[in-house]
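# Commentary on secondary and tertiary structure
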Amino acid sequence: MYICHPDFAELTPINVFHKEYAEVEPVAHPEELQNKHILFRKKFTLDSVKKVTMNITADDYFKLYINGKFVTQGPAAGYIRAYNFMEIDITDYLIAGENTIAVHTYYQGLVNRVWVSGDLREMLYAELYADGEKILETDTSWKCTYHTGYTACCVTGLDTAFMECYDSGAHEVGFAAPDFDDSAWGYAAIRENADYTLKKQEIKLLDIYDVAPASMEKVGDTLRIDMGFEAIGYVCADAKGNKGDTIIIRCGEELNPDGSVRYDMRCWCLYEEKWILSGGNDTLEQYDYKAFRYINIIVPEDVEISNIRMKVRHYPFEKKAVYNTDNEKLLKILKLCEDTAKYGTQENYMDCPTREKGQYLNDMTISARAQATLTGDTTMYKKAIMDNCMGSFICPGMMCVTNCSMMQEIADASMQMPAQVCWIYSMDGDIEFLKSIEPYMTGLYHYFRDTYMNEDGLLESVKDKWNLVDWPPNLRDDYDFDLSRPVGADGAHNVMNAHWYGFLCAMDEYYTIIGKPVTGIREKVKAAFIEAFYSEELGLFVDAIGSKHAAIHSNILPLLFDIGTEDEALKQRLIDYIHQRGLTNTGVSIAYFALAALKKHGREDIALELALDEGLWLLMLSEGATTTFEAWGKDQKKNTSLFHPWATAPAIIFAEGVRYY
């Protein structure tokens, strides 16, 4: 039974789904129902401790406590037609006699890339089974109230998160304790119009643990703290002061010239939060997560603060990849990539855990492969692919960011999905997974073929999705095609069609694996590509039909996908062109394809030389990176994220025995 706070019980859900460029009439979301922390409690009795499992989920999120002890949190974000519930063994938290379940749920109410929120769907669902027999479920006997201790300082990022003001004097503080007095609370209501289809969440529970600061000094009234590395989580501390004393907490990825934290961050996030003391012994209980390395805590006079730490969270990580190198520079780059993949994988893959917290399909080409390469575990990757399949009801050509209410589509991203699926199969051989997604893969193929393919076989005027080519725009090497949003030019361009040919190669491989006839059009497309984009004058591929400009991007993908490389002279020109130009004219995304293309053609020596260029990953390290950046350097993009797992290509390219694309 789905329960909720009575304020949400009879609300009609808002439809937040549509094609990105569709003209839709926005439905206003009540501001007073945003940023709602909602608590639930239930007592029950066990005659004896048996094996007890709990199925639980919430919209948008929950943190679960049993008998005052924290158990876990979740779920991974999902669409309502495949909404994740978690099955948890809670036996060790129970006692014979009376037990208390307490759940801190959160409904954000913003349209962003984090959750499917802003839709007025708020709920908690739970069932308990003892030795396989249901003994308890959510119903209207569960106590319920708002947590008044959480208010907003501001909204940060791209409407990504509310910065928190936490009041330790709020009546609800300590709500998880068995002896907490909830007599003034009301009761939960049944969630009318509940339209969820639940599915069991197969991924592992997050690892959540405390990390002590690497260093701390006091400057005036401010504690300046360096965790020693950037990770994802939130600040924890204990404090004692007068009732109403307010502690200011500022976090960031880098420091200002005077040594203070840059909390108004370059990635468009303002990380300033507050903690109001109760007058007793208080513990800071932040709820939402963010990425940071540095903390400044401004402490009022006579306030005692102690036990400052970071509560770090990430998907379980055990390194298994092998890298046979003693090159010290490469080892530093690989460590940078390893830490990025470790801390950057949460319940979903993160594009950046600051500004967007989104799971992007094109980012997954690199970030998911890196995580799976390093760990040898494809569970999260398959879950992420299925997330994209579940979003195909919005567009069969796939959304580029999934499990969220922000509608965004990138054609380049969609066309990378079949290669990702074949790569997963190369890692784990799970043919049943490949068969299970066949309708979605075929729908993706027909979407592009039937909507945009001209009589020659090329895609033209793909205007209802971004044509990304590379990111940020200033690192597209003057690519000669109008890539405005929506795309402003008719006709066909190189990178879109190179991805189209690569898509067809991967689809044919996919169909062969599952025993289905191949598409049968890729040779036609390949010939049309060469006819349209090869320049005899330049001996290279140009950016668009009629263009005389050959961006490095227009020659990386033909080398990777073997377009025209039967001609040994052309293949060598492509290799030489990439070698001579280097990758500082590209973003970190297309750089992965360049390194993969070089490795494919036996030139790992050039791939290594380019990867060790002082203007790429070594530049990040020279600028203090402990996680990979969104661009090569901090100043290459006006809002560069300093934690962006799509820059982890070396973890894939230089691993032993792993398919590079």
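Structure: above.
The model shown is predicted, which means the values in this text are computed figures rather than measured ones. (Residues numbered from 1 in each chain as written. Predicted model: local features only at pLDDT ≥ 70, side-chain atom pairs only at ≥ 80, totals over all residues. Heavy atoms only, no water.)

Take the overall build of the protein chain next. In terms of helices and strands, the protein chain carries 15 helices and 27 strands. In terms of C-alpha radius of gyration, the protein chain reaches 26 Å, essentially the compact-globule figure of 26 Å for 661 residues. Taken along the three principal axes of its C-alpha coordinates, the protein chain extends 80 × 55 × 50 Å. Expressed as a percentage of the 661 residues in the protein chain, the buried residues total 62%. Sequence separation of 24 or more characterises 77% of the internal contacts of the protein chain that already satisfy a separation of 6 or more. Split by element, the accessible area of the protein chain, about 23,900 Å² in all, is 47% carbon and sulfur. Both charge centroids of the protein chain, one from 63 positive and one from 100 negative side chains, sit 2 Å from each other. (Helix = DSSP H or I, 4+ residues; strand = E, 2+ residues; numbered from the N terminus. Rg over C-alpha atoms; globule rule 2.2 N^0.38 Å. Buried < 20%, exposed > 50% of the residue type's maximum accessible area, 1.4 Å probe, protein only. Contact = heavy atoms within 4.5 Å. Areas by Shrake-Rupley, 256 points an atom, 1.4 Å probe, with all protein chains shown as cover. Lys, Arg positive; Asp, Glu negative; His and termini not counted. Charge placed at Lys NZ, Arg CZ, Asp CG, Glu CD.)

Bringing the layout of surface pockets into the picture now. In this model, the largest pocket occupies a volume close to 580 Å³. Lining the largest pocket are 27 residues; nearest its centre among them are Tyr-65, Phe-70, Thr-283, Leu-284 and Glu-285. Those elements that provide at least two residues to the lining of the largest pocket are strand E4 (61-66), strand E18 (222-240), strand E21 (281-283) and strand E23 (304-314). With 3 residues, the single largest contributor to the lining of the largest pocket is E21. In terms of residue class, the lining of the largest pocket is made up of 13 nonpolar, 8 polar and 6 charged. (1 Å grid on protein atoms, 1.4 Å probe; cavity = no way out; pocket = protein on both sides within 12 Å on 5 of 7 lines; lining within 4 Å. Points joined across faces, edges and corners; volume = space filled by probe spheres on them. Nonpolar A, V, L, I, M, F, W, Y, C, P; charged D, E, K, R; others polar.)

Another aspect to go through is the sheet that holds strand E10 (residues 143-146). Spatial ordering of the open sheet is given by E5-E4-E7-E2-E10-E13, a layout of 6 strands whose pairing is antiparallel. Looking at which strands have only one partner, the edges of the open sheet turn out to be strand E5 (69-74) and strand E13 (186-187). Two strands pair when backbone bridges link them, and E4 and E5 are joined in this way by 5 bridges, in the antiparallel orientation. Bridging across to E5, Tyr-65 finds its partner in Phe-70. (Pairing = 2+ DSSP bridges.)

What the rule picks out here adds up to 6 cavities of 30 Å³ or more. If you add up the space inside the largest cavity, you get close to 140 Å³. Along the walls of the largest cavity sit 15 residues, with Tyr-61, Val-114, Trp-115, Tyr-289 and Glu-347 positioned nearest its centre. Taken together, the residues that form the lining of the largest cavity break down as 10 nonpolar, 1 polar and 4 charged. Looking at the second largest cavity, its volume works out to about 80 Å³. For the second largest cavity, the full set of lining residues is Asn-362, Asp-412, Gln-416, Leu-468, Val-469, Asp-470, Trp-471, His-499, Ser-589, Ile-590 and Phe-593.

For the rest of this paragraph, the subject is the packing of helix H5 (residues 417-428) against helix H8 (residues 494-514). Close contact between H5 and H8 brings their axes to 8 Å; oriented N to C, the two are set at 40°. Considering the angle they form, H5 stands oblique to H8. At the point where H5 passes H8, the crossing takes the left-handed sense. Two secondary-structure elements touch here, H5 through Pro-418, Ala-419, Val-421, Cys-422 and Tyr-425 and H8 through Phe-503, Ala-506, Met-507, Glu-509, Tyr-510 and Ile-513. By residue class, the composition of the contact of H5 with H8 is 10 nonpolar, no polar and 1 charged. (Axes fitted to C-alpha atoms, helices over the stretch in contact; angles between N-to-C directions. Parallel < 35°, antiparallel > 145°, perpendicular 65-115°, else oblique. Left-handed = near helix turned anticlockwise from the far one by under 90°.)

This part takes up the environment of Leu-277. Summarising the element assignment, Leu-277 is placed in the loop between strand E20 (272-276) and E21. A residue is classified by how much of its surface remains accessible, and Leu-277, at 1% relative accessible area, is buried. The sequence separation of Leu-277 and Tyr-592 amounts to 315 residues, and the corresponding C-alpha distance is 49 Å. Setting aside residues up to four positions removed in sequence, Leu-277 forms contacts with Ser-168, Ala-239, Lys-240, Gly-241, Asn-242, Lys-243, Gly-244, Asp-245, Ile-247, Asp-282 and Val-303.

This structure, assessed with the given rule, holds 44 salt bridges. Across the salt bridge formed by Lys-51 and Asp-89, the nearest N and O atoms sit 2.9 Å from each other. Taken as a pair, Lys-51 in the loop between strand E2 (36-46) and strand E3 (52-59) and Asp-89 in strand E6 (residues 83-89) lie far apart in primary sequence, 38 residues in all. For Lys-51, a relative accessible area of 49% corresponds to the partly exposed category. Residue Lys-357 is joined to Asp-288 by a salt bridge in which the shortest nitrogen-to-oxygen separation is 3.4 Å. Pair noted here: Lys-357 is in the loop between helix H1 (328-344) and strand E24 (359-360) and Asp-288 is in the loop between E21 and strand E22 (290-298), with a separation of 69 residues, a long-range link. (Salt bridge = Lys/Arg side-chain N within 4 Å of Asp/Glu carboxyl O.)

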